[in-house]
Amino acid sequence: METDLIWMTLLVFVPSVFALGLLLFPRKWEDAMCWWSLLGTAVTLGISIAIFINYKSGVVDRQGPNNTRADRVAMSLDARTAAMDEAAQEGSSAQFKQNDWVARYPWIARFNIDYFLGIDGISLPLVLLTTLLSFLAMLASFHIKRYDKGDRFVRGYCMLFLLLETGMLGTFVALDFFLFYIFWEVMLLPMYFLIGIWGGPRREYAAIKFFLYTLLGSVFILIALLAFYFSNMRDFVSDKVVAARANRLVETEGDRLPGQQPQEKLAAAKEVVRVNTFDLIVLARAGRAALQYLGNDRNVDAVTVAPAVEEAKAKVAALKEANAAADDISRAEKELAALKAGLNSRLESEWFFTPAFQLTMFLFLLIGFAIKVPVFPFHTWLPDAHVEAPTPISMILAGVLLKLGGYGIIRIAYPICPWAAEYLAAWVAAFGVFNIVYGAFAAMAQTDFKKLVAYSSVSHMGYVILGIAVWNSAANSDAWSWGMNGAMYQMIGHGITSAGMFFLVGVIYDRAHHRNLDNFRGLFEPMPLYGGVSAIIFFAAMGLPGMCGFIGEVMVVFSAWKFAPGGHQWIGITFAILAALTVVLTAAYILWTLQRVFMGTNPAYKNYPDITVWELCCAIPLVILAVVLGVFPPLVLNWMEPSVTHLVDTLVSFRM
Amino acid sequence: MLPSIDPGITNSLLEFLPELVLVLGIVLMLLLRLVGSFNRSHLGGFSLTIGVIALFVSLLQALGEPGLKSVLEAVSLAESSVGKTILSLAQTPPPAQSQSMMFGGMLIYDQFTIFLRILLYVILVLVILLTMTTGIPDAEDSADFYCLLLGGTLGMVLMAASAHLLMVFLAIEMASLPSYALAGFLKGRRQSSEAALKYVVYGGGAAGIMLYGISLLAGKFGTGYLPELSISLAAAFVPSAEGIPFDPILILATLFLLIGIAFKLAAVPFHFWCPDVFEGAAAEVAGFLSVASKAAALALLARLTMFVGGLDPLTLTEPAKELPYLSIIRYLVPTLAVFAAITATFGNLAAYLQTNLKRLLAYSTIAHAGYMMMALCTLTRNGVDAMLFYLVAYLFMNLGAFAVVAYLRNQTRSEDLADFRGLVRRSPIMVVTLSVFLLSLLGIPPLVGFAAKFQVFAALFNDGQRYFELGEKGIGTTLLVLLLVGGVNTVLSAFYYLKVMKVMILDPRVEDLEGQEAQRYPEPIGASLYTGVLAVLVLLLGILWGPLVTWSQRTVDRFRVTPGKDRSMLVASAADVEAGGAGGVGRAALPKGKGNVKGKGGFDKGKKQ
């Protein structure tokens, strides 16, 4: 049995188990329920840290400190999955790698759905962010009774919260598209109820708006999921998988296949068998093939990711190297030619390898994920949801849920539809820049404290989109990998600062019972410690150098400068300047906010108690992270960067 | 020349055993009333026993002898006398590779029949359990009620097994008549009587139209036996040298036949009875009608379309040009697709406006009939597979929803949504389970409704793509458009399912709003258990749907309606038509050597044996 499978399963389902445990509590033990849930999130946090340590030592450090391209390939999910499948095919359990952090278990055979989990440098930071923020948000939830209008639904709240955590973690670790989709949808409902029951005055409107927007996005993702599944992936899986599927075909449809003998039938089955899969790794391989094929004028020779063809090529090369008999060489060459012809015919006939398919599916995925990010014009649910949601839920919403959109784009949309991604790079980047500028201006106009933070999220997530979108040529691949890494870093930084900001707004709301920025003033006087903590978090969000917000933004802006879609350098420079200038806007609205809330004197708020120890417990970890990640980015980049850069490497190097 | 008709009646009777159990039960129940002591006792337990026995026997038949043996060996009973008795009961194994005909070609006995039969008996058992926990009917009426219930189920099983147009009509009527009476069973309630009357009038009209269609078809082709009819019908649509033949009689006849089924399905525009009947009838009856009646009608539709469409046109090896049924499929797919799309969309849109929970669920059932018809639109085994899975999923979630409505009616004396405001504070278990059922109906994973909807969409996409590859761009586009319609409909349906949950969970409780004293309704243990078990099933089947999908796939794998030689005859006859020019397509299309059937043989097939 693979231990990593068990660990990852625990990571995902421990919160659900704790949620079930809540059913055993008597109705009156509300505090006990909260403590139990806190324990659940703490255990999950512990598991995620254990996984991180093992991943770091077992996968990252084993490759040495040089971070060469070969190292990156060796630690990529692609290579690890291939090794695992190889070992599984041979069936010797001794060869099972216990800590390669990919694991597969068959789930529904009819649709080839696997319970397929895996961790790499793209998902792991977000997993850690999720478990940490869930823990802190649960810590902030102890006063949730205050929000539920005397209904005493503490049990329901805790159960929904833990279910939500399972959904989020599952989405990050799933490597099977179907599994990903299930977890993606699982998040929908807890969020609806958490906003709808414990939210503010317009909670029902906000909850249904959130639900419908996300459901619409999910339908788009579902259609893309079906389209990918029914594409024939037989050229991008190993021979053994093809053989296994052919065997299954003989079993189920045997009497319809030509031939009398079993061998004949098997051969016929191998001819016609289609390999359908939800495996994101395989789909990404096919996506690269589509990029190579379509990017080089539909030339089959450009495709270098089909395992069978590559094997044959290697064989021919090896024979030539060894000066083998001419017969052998020509036979091997004939085999290669046959394989290539087969590949070519499928590339020509499959929908997957047509521009229309790639573009449509890329747009479907992009819309589905953009709703979650949220990208203008799909962002309107976000301010409503944030304003109405209770504080801990706002923390989760801003800290984790928005990241799921960015993660989906990086993990699914770009790898599977890279050709379309390159084709539309300028447009996606433009949307990112528009998001940045629009969010900043909108934030400046707000008087509701939470709405301001919500629009600042729109602005900050724009950097993520821009960083992902700045596709660059192989010569300039460094620039793009800066952008991609910057986008990831921005997601982490924003997760920390936005959750912190929402928490701090909640602290003050608990005292003042309003969020109108014009009615605050002079809070620094009664609450100096609170003011200090707020200043750090808000400066971090502003992107002050030395704080976590700065690193991501600066990496994205640098890479945008080099962005030259179709050779037009001015586009990238314009985007970079716009994104950089927005920092001024950001500084403006954040400083103005601090001024309106903290400066001056206000006799009405004179006797407010300062931030309590309990509240400090929630805020301090975020403050520390905001500073540490700003001062010493390698702390994350060291183990995140290889995976991100590997993704960029595989995508840029496609032209012959 | 008739394909594999059984030599004797004994085999048929054995294969018909579960239905015989049901018949016996009905007769016994009617006789029991004459015996003094049984006159006033509640017959729920008795009918439950009958239902369970019928279910048990059909399960035995489904397992077949080898399967059963392994089960018995697993519990080490194979050698005992009990085990031997059971094994001898299962002497009629299910047809492994082909179907067999019962009663001289009137009924068909194959995996599909077995699947539907088990499904319907599960529904029967669940509905009887529901009625026993809700207290409708009371002891005095119980004999009537359960007789009607058992009789209706019997008719529905026959619908699923029909192999002859005459049998189709008889079965539909046999299922309908008890349904009419059940709808009006709440004596003394005006609404109930109105519902029954509406149902009868609509039903009578639809039956008349359908009978007309049947007689046209039988008259035109001289047979009502479906396998033969399908060949003739398909041949009539094969394009000749002068283009596609246009025969108004044929089109009218098939349309009339479809109308009869559309009425049973409550497909738009033949749905008008459905909301009224569901509102007027007791929730238990509405639940039964919505699940069982729909399952039978869909099974019949699958049967007819797959007969007419021959078998899966998208087989592995056959080149497209040799597919004889393609020409009729070109008509059938768009017709069904339009029906399905309108039904789903209309049902979802209309449901949003309802204030009565039962009426809302009625429109939701209409919408779900639309989804299931979408699956059938593909006219492939994939589609039937998806539909079968959907039926099972739908059984649990929809029956669960109606059960909750029945229990809530007992608690609150109301079925109005306004009276359910803030209900979660009074009956938490009912509201939580209802939420599970509604979310499953909406198709949120990991509930079984999602697995079902996923398969329908998967079938639409997959077969749409394959039709494209066959060169049938029109059909392919139709199916892909249908997929989009289905996706949009999912979002539309979220509005009203969430509305119900919003009213029950998010709204303040009705007593606070109306200034009454708050009270917590007792939740009977039976009710909590019933809905709880169904809700857990909905969740479990949503996670572990592998075995179920294997079963439904195996069912359709054996769904070989037209034996190979008939197909070759059809190709031959189509070639004849082309060779002979445009001389009377209908006549020439009949396979050679079938002249003896042509005249009057069709309806007499039963007697011939």
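Residues numbered from 1 in each chain as written. Chains lettered and ligands numbered in written order. Predicted model: local features only at pLDDT ≥ 70, side-chain atom pairs only at ≥ 80, totals over all residues. Heavy atoms only, no water.

J.: Now, about unusual backbone geometry: what can you tell me, with residues and values included?
T.: Val268 of chain B connects to Pro269 of chain B through a cis peptide bond whose omega is 5 degrees. Position of Pro269 of chain B relative to the elements: it lies in the loop between helix 10 (248-265) and helix 11 (273-280). For the peptide bond that leads from Pro445 of chain B to Pro446 of chain B, omega is 5 degrees, which places it in the cis range. Mapped onto the elements of the fold, Pro446 of chain B is located in the loop between helix 16 (428-442) and helix 17 (448-470). Positive phi outside glycine occurs at Trp101 of chain A, with the angle close to 55 degrees. Relative to the helices and strands, Trp101 of chain A is located in the loop between helix 4 (77-90) and strand 1 (102-108). When its relative accessible area of 2% is taken as the criterion, Trp101 of chain A is described as buried. The phi dihedral of Asp297 of chain A is positive, around 55 degrees, even though this residue is not glycine. Considering the arrangement of structural elements, one finds Asp297 of chain A in the loop between helix 12 (280-295) and helix 13 (307-321). Asp297 of chain A sits in the exposed class, given a relative accessible area of 72%. (Helix = DSSP H or I, 4+ residues; strand = E, 2+ residues; numbered from the N terminus. Buried < 20%, exposed > 50% of the residue type's maximum accessible area, 1.4 Å probe, protein only.)

J.: Can you break down the interface of chain B and chain A residue by residue, with the values?
T.: Taken together, the contact pairs 47 residues of chain B with 43 residues of chain A. Here chain B and chain A share 3 salt bridges between them. Seen at the junction of chain B and chain A, the total is 2 residue pairs in polar contact (both at pLDDT 80 or more). Put simply, the parts of the chain that give the side of chain B that touches chain A at least two residues each are helix 15 (381-412), helix 16, helix 17, helix 18 (473-506) and helix 21 (546-557) of chain B. The leading source of residues in the side of chain B that touches chain A is helix 18 of chain B, at 13 residues. Residue composition of the side of chain B that touches chain A, grouped by class: 27 nonpolar, 11 polar and 9 charged. (Contact = heavy atoms within 4.5 Å. Salt bridge = Lys/Arg side-chain N within 4 Å of Asp/Glu carboxyl O. Polar contact = N/O pair within 3.5 Å; in protein donor to acceptor, adjacent residues only side chain to side chain. Nonpolar A, V, L, I, M, F, W, Y, C, P; charged D, E, K, R; others polar.)

J.: Just give me the short version of a nonpolar patch on the surface, but keep the residues and values in it.
T.: All names here are of chain A. Nonpolar side chains collect at one region of the surface, where Ile620, Ile624, Val627, Val628, Val631, Phe632 and Leu635 lie side by side and expose about 570 Å² of accessible area between them. Residue contributions to the nonpolar patch peak at 5 residues, all from helix 25 (residues 613-631). By secondary structure assignment, the location of Ile624 is in helix 25. (Patch = residues over 30% accessible without salt bridge, like charges linked within 9 Å, V, L, I, M, F, W, Y side chains within 5 Å. Areas by Shrake-Rupley, 256 points an atom, 1.4 Å probe, with all protein chains shown as cover.)

J.: Let's hear about the packing of aromatic side chains: which residues, and what values?
T.: All names here are of chain B. A complete count under the given rule lists 73 aromatic pairs over all chains for this structure. Here the aromatic rings of Phe278 and Phe402 are separated by 5.8 Å at their centres, their planes lie at 85 degrees, and the arrangement is edge-to-face. Taken together, the residues span a long stretch of sequence, with Phe278 in helix 11 and Phe402 in helix 15 at a distance of 124 residues. A residue is classified by how much of its surface remains accessible, and Phe278, at 2% relative accessible area, is buried. (Phe/Tyr/Trp six-rings, centres within 6.5 Å; stacked < 30°, edge-to-face > 60°.)

J.: Outline the side chain of Ser493 of chain B, listing residues and values.
T.: Residue and element names in this part refer to chain B. As for its placement among the helices and strands, Ser493 is situated in helix 18. Residue class for Ser493 comes out buried when judged on its relative accessible area of 1%. The contacts of Ser493, once residues within four sequence positions are left out, are Asn348, Tyr371 and Leu442.

J.: So, the pattern of salt bridges: which residues are in play, and what are the values?
T.: Counted by the stated rule, this structure contains 33 salt bridges over all chains. With a shortest N-O distance of 3.0 Å, Asp279 of chain A and Arg104 of chain A are connected by a salt bridge. Separated by 175 residues along the polypeptide, Asp279 of chain A in the loop between helix 11 (262-272) and helix 12 and Arg104 of chain A in strand 1 bring together distant segments of the chain. Overall, Arg104 of chain A belongs to the partly exposed group, its relative accessible area being 22%. Two residues, Lys502 of chain B and Asp507 of chain B, come together in a salt bridge whose shortest N-O distance is 3.7 Å.

J.: Any details on the confidence of the model for chain B? Residues and values, ideally.
T.: All names here are of chain B. Residue-level pLDDT values for chain B average 80, and 78% of them are 70 or greater. Predicted confidence is poor over residues 92-97, with pLDDT under 50, and the contacts of this stretch with residues over four places away or in other chains come to 20 contacts. Here residues 561-609 is a poorly scored stretch, pLDDT under 50, and it has 69 contacts once near neighbours within four places are set aside; other chains count. (pLDDT = per-residue confidence, 0-100.)

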